[in-house]
Amino acid sequence: MKTVGAGLSAAALLLLAGATPAAHADTSPEPGNWLMLSVSHGEAPAAGAEGGTLLRCDPPGGGHPHAEEACAQLSAADGRITTLPAENTLCPMIHAPVTAHAEGVWRDRPVTWSETFPNTCALRAHTGALFALDGT
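Residues numbered from 1 in each chain as written. Predicted model: local features only at pLDDT ≥ 70, side-chain atom pairs only at ≥ 80, totals over all residues. Heavy atoms only, no water.

Novice: Before we go on, may I ask you to explain the overall build of the protein chain in this structure?
Specialist: Looking only at helices and strands, one finds three helices and five strands in the protein chain. In sequence order, the secondary structure elements of the protein chain are arranged as α-β-β-β-α-β-β-α. Expressed as a percentage of its 136 residues, the buried residues of the protein chain come to 29%. Sequence-distant contacts in the protein chain: of pairs separated by 6 or more residues, those separated by 24 or more amount to 58%. (Helix = DSSP H or I, 4+ residues; strand = E, 2+ residues; numbered from the N terminus. Buried < 20%, exposed > 50% of the residue type's maximum accessible area, 1.4 Å probe, protein only. Contact = heavy atoms within 4.5 Å.)

Written out as structure tokens, the structure reads:
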């Protein structure tokens, strides 16, 4: 009887050892096009800021209020935020700096981008729907 018990224990250990790689595979980064977006007041991204808004583009979603439009604009710019076309918008000359930050993956390329704008209007004029995070 002891032999059967030892055999079952060994089999259980082998099953657990075999399950470990599968559990590890679940922690790998997700493929596809996604960005974690945030906007902070001031001239630098907030240190240790938590949260942000997830934008997924395969299919569009992830909690972004304008996901379809933002994904279309990013696709047209090949995921390069600096090449998003600026809108012809008149913005007030109010100095209230905001810093936009994006981090994620676009077509298997890592993306890390930050830029400070003089105010929210200038941010929206230069980044379109991408940083329209408040639903307007």
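Once you've had a look at it, read on.
Novice: Before we go on, may I ask you to explain the packing of aromatic side chains in this structure?
Specialist: Working definition: an aromatic ring pair is given by the centre-to-centre distance plus the angle between the planes. Going through the model one piece at a time under the given rule, you end up with two aromatic pairs. When the ring of W113 is compared with that of F117, the centres are 6.5 Å apart and the planes differ by 45°; the resulting orientation is tilted. Accessibility assignment for this pair places W113 and F117 in one class, buried. Judged by centre distance (5.7 Å) and plane angle (35°), the rings of W113 and F131 are tilted. Separated by 18 residues along the polypeptide, W113 in strand β5 (residues 109-117) and F131 in the segment after α3 (120-127) bring together distant segments of the chain. Here W113 matches F131 in class, with each residue buried. (Phe/Tyr/Trp six-rings, centres within 6.5 Å; stacked < 30°, edge-to-face > 60°.)

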